[in-house]
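Summary of structural features
Residue-level listing of the chains:
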Amino acid sequence: MDCDGRHLVGLTESKRLAVWDATTGRMIRILEGYQDPVYLARLLPDGKSVLAQSFRPGTDWATWGITDKGPRDNSMRLWDIDSGKVLWRIPDSFFDAISRDGKRVYGVQSKVSPNLEQPKMVCWEIRTGSPLFTMPGFAPLGFLSNIVEESADGRRLLYSDSYKVTIFDLLS
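Residues numbered from 1 in each chain as written. Predicted model: local features only at pLDDT ≥ 70, side-chain atom pairs only at ≥ 80, totals over all residues. Heavy atoms only, no water.

Some remarks on the pairing of strand E11 (residues 104-109)
Quick note on the threshold: Buried means the residue's accessible area, taken with a 1.4 Å probe over protein chains only, is under 20% of the maximum for its type, while exposed means over 50%, and partly exposed covers the values in between. Strands here are runs of E lasting at least two residues and helices are runs of H or I lasting at least four, both read from the DSSP assignment and numbered beginning at the N terminus. For two strands to pair, DSSP has to find at least two bridges joining them.
Counting buried positions along E11 yields five of six residues, so the element is predominantly enclosed. Direction of pairing for strand E10 (residues 93-98) relative to E11: antiparallel, over a ladder of five bridges. Within E11, the residue paired with Ile 98 across the bridge is Val 105. Connecting E10 to the next strand, E11, in antiparallel fashion are five residues, including Gly 102 with a positive phi near 75°. Here E11 runs beside strand E12 (residues 120-125); their pairing, made up of six bridges, is antiparallel. Its bridge partner being in E12, Arg 104 is matched across the sheet by Glu 125.

Thoughts on the pattern of salt bridges
Our working rule: Every case where a carboxyl oxygen of Asp or Glu lies within 4 Å of a side-chain nitrogen of Lys or Arg is listed as a salt bridge.
Enumeration according to the criterion identifies five salt bridges in this entry. Note that Asp 101 is salt-bridged to Arg 104, the shortest N-O span being 3.4 Å. Across the pair Glu 125 and Arg 127 runs a salt bridge whose closest N-O atoms are separated by 3.3 Å. Taking the relative accessible area as the measure of exposure, Arg 127 reaches 65% and is therefore exposed. Among the charged side chains, a network of salt bridges with common partners joins Asp 101, Arg 104 and Glu 150.

Let's talk about the sheet that holds E11
Applied cut-off: The axes are straight lines fitted to the C-alpha atoms, using for helices just the contacting stretch, and the angles between their N-to-C directions are given from 0 to 180°.
A sheet is described by the order of its strands in space; here four strands give the open sequence E10-E11-E12-E13, paired in antiparallel fashion. Each having just a single partner strand, E10 and strand E13 (131-134) make up the two edges of the open sheet. When strand polarity is set aside, the average angle formed by the axes of neighbouring strands in this sheet is 30°.

Remarks on the sheet that holds strand E8 (residues 75-80)
Read across the sheet, four strands follow the order E4-E5-E8-E9 without closing on themselves; strand pairing throughout is antiparallel. For this open sheet the edge positions go to strand E4 (38-43) and strand E9 (86-91), each flanked by a neighbour on one side alone. Adjacent strand axes in the sheet meet at a mean angle of 15°, parallel and antiparallel pairs treated alike. Of the strand pairs in this sheet, E4 and strand E5 (residues 49-54) are connected by five bridges, and their pairing is antiparallel. Looking across to E5, one finds that Val 38 is bridged to Ser 54.

Here's the deal with the nonpolar core
Our working rule: Only buried residues count toward a nonpolar core. Its members are Ala, Val, Leu, Ile, Met, Phe, Trp, Tyr and Cys residues joined through side-chain atoms within 4.5 Å. Every residue pair with non-hydrogen atoms within 4.5 Å of one another is taken to be in contact.
Among the nonpolar cores identified, the biggest contains 12 residues, and these are Leu 40, Leu 44, Leu 51, Met 76, Leu 78, Trp 88, Ile 90, Phe 95, Val 105, Val 122, Trp 124 and Ile 126. Secondary structure elements with two or more residues in this core: E8, E9 and E12. Other than its neighbours up to four places away in sequence, Trp 88 contacts Leu 51, Met 76, Arg 77, Leu 78, Glu 125, Ile 126, Arg 127, Thr 128 and Gly 129.

Structural notes on the environment of Ile 30
Inspection of the secondary structure puts Ile 30 in strand E3 (residues 27-32). Sequence spacing of Ile 30 and Gly 10 is 20 residues, and the spatial spacing of their C-alpha atoms is 9.8 Å. Sequence-distant contacts of Ile 30, defined by excluding residues within four places in its chain, comprise Arg 16, Leu 17 and Ala 18.

Considering the pairing of E13
A regular strand places its side chains on the two faces of the sheet in alternate fashion. Where E12 and E13 come together, three bridges link them in antiparallel fashion. The partner of Cys 123 across the bridge, within E13, is Phe 133. What sits between E12 and E13 in their antiparallel hairpin is a turn of five residues, with Gly 129 showing a positive phi close to 80°.

Digging into the environment of Gly 33
Checked against the element boundaries, Gly 33 lands in the loop between E3 and E4. Here Gly 33 falls in the partly exposed class, since its relative accessible area comes to 49%. Along the chain, Gly 33 and Lys 85 lie 52 residues apart, while their C-alpha atoms are 9.7 Å from each other. Other than its neighbours up to four places away in sequence, Gly 33 contacts Lys 15 and Arg 77.

Spatial relationships are all this shows, so hold off on functional conclusions.
Here it is in structure tokens:
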């Protein structure tokens, strides 16, 4: 649900997102265009946009991003609710957290083909999808982190996985 309680967003089994009016329960928009199932979706604080990602895991590291029918979608997309259009798409990326003010998204990005690269933690600007910075010295053990949380004052970012907790100073 968005901050003002106007919209709800839900995942479907058919590679689509559904947006409902939270007061009437009426479906107001279907967002579609994914090749793989939608794994996660969040309404942004502005109540006008949905950030979503598709994901279908490979069987092991060597087959990440590849299927017998070609490459996987594995993309992060920002959707405009009113128009139903994609505002931007970032391939091979997975978001973990949206800043409290709705201006930044934190997640993991990895170029998976043709050469496998170590995944990296990235902060993107929500409005444009442009990367703002990567986290120095960060090397996640998997593609999806366990916990990413921005501090209330927007100065620090906590990342936690099964092995360690790291706190990044976002102002330096």
